[in-house]
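Structural description and commentary
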Amino acid sequence: MKLFSAVLFFAAFSAVPASAGAGGNVIAFRSAETGAVGLMTEDGEIVAPAVFDGAGRFSHGICAMRLGDRYGYVGAEGLTLTAMNLRAARDFTATPAGTPYASVRCDDGWNLIDARGVPVFPRARPAEITDARTLGLAAFYLDSREIVRADETSSESFRDYAQRSVNNYLSFWYPKKEYETTQDWRARTTDEKLQLKVEELRRLAAARFVSERGDAALSPADFRIVKYDADNSAFLLSHAKFGGALVPVPRREAALFRENFPRAKILAPDYGVGKSDRITLRGADFVMPDGKVYRADPDAVYEADTRYAGFEVTLPGGAEPIEIPPRSVLSDVDRGVPALKPQPDRARFACILVNETYENSANVLFAGEDGYAFEKYCEKTLGIPRERVSRSKNNSLGHMRRAVRDLAARAKAFPDAEIIFFYVGKSVADRYGNEYLLPTDCRPADGVGGGFKLKELYEELGSLRAKLVTVFIDSEICFTSTKSEGKSGGGKTLVELSDAVPAGRSVVFRSALAEESPRRFPENSHGLFTYFLLKKIKETRGNVGYAELADYLEEQVKRTATVRFDAEQTATATPSEELGDAWAEITVR
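Below: a short report on this structure. The model shown is predicted, which means the values in this text are computed figures rather than measured ones. (Residues numbered from 1 in each chain as written. Predicted model: local features only at pLDDT ≥ 70, side-chain atom pairs only at ≥ 80, totals over all residues. Heavy atoms only, no water.)

A few points about the pattern of salt bridges
- Applying the stated criterion to the full structure yields 18 salt bridges.
- In this structure, the salt-bridge partner of glutamate 180 is arginine 188, at a minimum N-O distance of 2.7 Å.
- Between glutamate 375 and arginine 391 there is a salt bridge, with the nearest N and O atoms lying 2.7 Å from each other. Separated by 16 residues along the polypeptide, glutamate 375 in helix H5 (residues 367-380) and arginine 391 in strand E24 (residues 389-393) bring together distant segments of the chain.
- Take glutamate 375: its relative accessible area is 5%, and that puts it in the buried class.
- Overall, arginine 391 belongs to the partly exposed group, its relative accessible area being 28%.
- Linked by salt bridges that have partners in common, Asp332, Lys535 and Glu539 make up one network. (Salt bridge = Lys/Arg side-chain N within 4 Å of Asp/Glu carboxyl O. Helix = DSSP H or I, 4+ residues; strand = E, 2+ residues; numbered from the N terminus. Buried < 20%, exposed > 50% of the residue type's maximum accessible area, 1.4 Å probe, protein only.)

Spelled out as structure tokens, the structure:
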């Protein structure tokens, strides 16, 4: 039975039965069951659910909607551009340059918004702005005394963009509707459905973020050749808007590439959201005058600077400092990361916390490289979708707790969720053996009061009732004070750690025992533990059981620490009681 019919447009808008949206013609419909208004394509695909009281003209891929006595805008993908809190909303019209704007009335007056829902002017105006079509490119004359220009290129990050888009949509999706029973509302807005909706909206927001900011026509004049890396056979190009681009070019062709680059054609640009949370150029074809094509590759290897610029490393026991030169080439685990088929249907989530630069104590060498490389392996080798992998660097306690909460909120929506938690940095232990992950703004002496208690972390992750929780911790434990009954060994007091044991269905891999100092591996620009973890994943393409991985890490870390550093380091793996012996056959991928 057909439950919708054609809808009459409300008086505040021009009456137009249909117009072209991003995915074809979009029309408004009214639900025969509830009387509410929504948007759909002519093929019957729902664009915006029937939760509104009226619809306006669909113009420039955007439609004004009414909810009660308030208005807002919805895009062709169903994402709202503004919250439903406007007192009036006009149709979008374009400047002579083709840039669409709409006049809106907020509680404090009138303004213009662009196609992203962002206000043009920093403060509202008392009178309606109606002449956007006749004025110059992004130049709006407000009165005889003032001219304001709106910057059409936004510096808004994707995180902020997605947050605004998702929250705007949820502002009308989540509340209970007038004709909806409490039981139906609760069934519609369960935690699982909410998280699925958020995931869907994030994907749509990413696609729209890129499409709005990408540029179909690129010119060599827009790029600057930074430098050629002969070791890795790649040019680094720089673009003012899209950042860097790596173009692999064989060394024998490099000079000719540089000479002919100003006359090249740039075709098939591919854009994405980069690590900077801004739009980046992921790929493009650089076609030389002779027809030779070079493809930009975001995974190409490039070393920008191999000059010696040593840093000081202080040795224990009052020894003289030594200087270690920075790496000149990437480690073998950073090259050729296996790119396997993504697994979007598998509910896996990864949280990576990197604490490298401490404000009041020595930094953790190569922690940044560890976190970045592990993220790459999660995405490319383990097949976890990029939006389900989070990596944050130099975290406060609040940031660490928030990251775990965000991970938990997303994972709870899936009964078969699998969680990976990776931490590299420092930890501290008090006189009773309680261990705390140390935030970067906290001194080791204050870590007991300002750190993330490891027992609490294990309990939080275990309480999710996930199918599997895998924890990797590469940290050196600093003891703030010692027990009087502590054992003395080698000039260092040993303290037995308390009962911070894995909870739920979890396995914890650690880089070293409490009395050992995890080593950093300068030759490979990684921590010793993380280096061999990545090496095993690369060699096996992730098809390695946890028990085999644990044996490998224990053997390789211990052997290398002994031979290379004349030190002891013992990697460990500890399954939870609930998981039991089943952990041995679990594979990384």
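Some points on the sheet that holds strand E19 (residues 279-287)
- Overall, antiparallel pairing links the three strands, which are arranged E18-E19-E20 in an open sheet. Each edge of the open sheet carries a strand with a single partner, namely strand E18 (265-273) and strand E20 (293-295). Going from strand to strand, the sheet's axes swing by 20° on average, the running direction of each strand aside.
- In this structure, E18 lies alongside E19, joined through seven bridges in antiparallel fashion. Paired with lysine 265 across the two strands is valine 287, which belongs to E19.
- With respect to the sheet, helix H3 (residues 191-213) is in contact with E18 and E19, its orientation differing from that of E18 by roughly 145°. (Pairing = 2+ DSSP bridges. Axes fitted to C-alpha atoms, helices over the stretch in contact; angles between N-to-C directions. Contact = heavy atoms within 4.5 Å.)

Notes on the side chain of arginine 510
- With respect to the secondary-structure elements, arginine 510 resides in strand E31 (residues 506-510).
- By relative accessible area, which is 11% here, arginine 510 ends up buried.
- Residues within four places of arginine 510 in sequence aside, it is in contact with Ser427, Glu435, Leu454, Tyr458, Ile473, Ser475, Ile477, Phe529, Ala571 and Thr572.

A look at the sheet that holds strand E7 (residues 62-67)
- Read across the open sheet, the three strands follow the order E6-E7-E8; overall the sheet is antiparallel. Only two strands of the sheet have a single partner each, and these edge strands are strand E6 (54-59) and strand E8 (70-75). The sheet shows a mean angle of 20° between the axes of neighbouring strands, taken without regard to direction.
- Here E6 pairs with E7 via four bridges, running antiparallel. Each residue of the ladder has a partner; that of glycine 54, found in E7, is arginine 66.

Let's talk about unusual backbone geometry
- Of note, asparagine 394 is a non-glycine position whose phi angle comes to about 55°, a positive value.
- For asparagine 394, the location among the structural elements is in the loop between E24 and helix H6 (397-411).
- On the basis of relative accessible area, asparagine 394 is assigned to the partly exposed category, the value being 29%.
- The phi torsion at arginine 541 lies on the positive side, around 55°, for a residue other than glycine.

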